[in-house]
Amino acid sequence: MRKIAMYGKGGIGKSTTCQNLVAGLTEMGKKVMVVGCDPKGDSTRLLLGGLNQHTVLDTLREEGEDVDLEDIRKTGFGGTLCTESGGIGYSGRPGSGYALVFSGKTISF
């Protein structure tokens, strides 16, 4: 299993880069999961066909701790697993990060 993290200030193209990288890995047959840390949910919106996914934090606030995995994880483009944590960014400032988790033997970085 490999993990990739993308983070930085707002407006630098993290969401676009994340979604294009995920699409490419998926097209190569990789199993990919995206964990978005953006309160706006931008890292998974296009992968989910425009759906604005409910965040983990919002779900826990509204439903309490008894939450099923299906409540916080959706399946998107090419079988990509998507979840949004709903974080506030790093150091409380605008901006965010994303983590991609995927399996496979043919990708090297």
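Structure: see above.
Source: prediction; values computed, not measured. (Residues numbered from 1 in each chain as written. Predicted model: local features only at pLDDT ≥ 70, side-chain atom pairs only at ≥ 80, totals over all residues. Heavy atoms only, no water.)

1. A closer look at the nonpolar core
- By size, the foremost hydrophobic cluster in this structure holds nine residues: Met6, Cys18, Val22, Leu25, Val32, Val34, Leu47, Leu48 and Cys82.
- A per-element tally of this core places helix α1 (residues 14-27) first, with three residues.
- What Leu48 contacts, discounting residues up to four positions off in sequence, is Gln53, Lys74, Thr75, Gly76 and Cys82. (Core = buried A, V, L, I, M, F, W, Y, C linked by side-chain atoms within 4.5 Å. Buried < 20%, exposed > 50% of the residue type's maximum accessible area, 1.4 Å probe, protein only. Helix = DSSP H or I, 4+ residues; strand = E, 2+ residues; numbered from the N terminus. Contact = heavy atoms within 4.5 Å.)

2. Section: a negative patch on the surface
- A cluster of acidic residues, Glu62, Glu63, Asp66, Asp68 and Glu70, forms a negative patch at the surface.
- Taking relative accessible area as the criterion, Glu70 reaches 52% and is therefore assigned exposed. (Patch = residues over 30% accessible without salt bridge, like charges linked within 9 Å, V, L, I, M, F, W, Y side chains within 5 Å. Areas by Shrake-Rupley, 256 points an atom, 1.4 Å probe, with all protein chains shown as cover. Salt bridge = Lys/Arg side-chain N within 4 Å of Asp/Glu carboxyl O. Lys, Arg positive; Asp, Glu negative; His and termini not counted. Charge placed at Lys NZ, Arg CZ, Asp CG, Glu CD.)

3. So, α1
- Here α1 contains 14 residues, and its C-alpha end-to-end distance of 20 Å stays within 8% of the 20 Å for a straight helix at 1.5 Å per residue.
- Buried residues of α1: Lys14, Ser15, Cys18, Gln19, Val22, Leu25 and Thr26, and no others. Viewed along the axis of α1, the buried residues span an arc of 130 degrees, placing them on a single side of the element. Set apart from the buried face of α1 by more than 90 degrees, the exposed residues are Thr16, Asn20 and Glu27.
- Following α1 by one or two positions, Gly29 has its phi on the positive side, about 90 degrees. (Expected span 1.5 Å × (residues − 1). Arc of directions from axis to C-beta.)

4. Brief notes about the pairing of strand β4 (residues 81-84)
- Pairing analysis gives four bridges linking strand β2 (residues 31-36) to β4, with the strands arranged parallel. If you follow Val35 over to β4, its bridge partner there is Thr83.
- Two elements, strand β3 (residues 74-75) and β4, share two bridges in a ladder whose sense is antiparallel. Residue pairing across strands places Thr75 opposite Leu81, the latter belonging to β4.
- Joining the antiparallel neighbours β3 and β4 is a turn of five residues, in which Gly78 adopts a positive phi near 60 degrees. (Pairing = 2+ DSSP bridges.)

5. As for the side chain of Thr80
- Residue position: Thr80 is located in the loop between β3 and β4.
- Thr80 gets classed as buried once you look at its relative accessible area, which sits at 1%.
- Within the structure, the side chain of Thr80 is placed 3.2 Å from the side chain of Thr26, a separation counted as a polar contact.
- Within the structure, Thr80 has its side chain in polar contact with the backbone oxygen of Phe77 (distance 2.7 Å).
- For Thr80, the contacting residues outside a window of four places in its chain are Val22, Thr26, Val32, Val34, Leu47, Lys74 and Thr75. (Polar contact = N/O pair within 3.5 Å; in protein donor to acceptor, adjacent residues only side chain to side chain.)

6. Some words on the pattern of salt bridges
- Under the defined criterion, the tally for this structure stands at one salt bridge.
- Of the charged contacts, one joins Asp58 and Arg61 as a salt bridge, the two residues approaching to 2.6 Å between their closest N and O atoms. Within this pair, Asp58 and its partner Arg61 are both found in helix α2 (residues 56-63), separated by three residues, close to a single helical turn.
- The class of Asp58 is partly exposed, set by a relative accessible area of 28%.
- For Arg61, a relative accessible area of 60% translates into the label exposed.

Geometry only, nothing functional implied.
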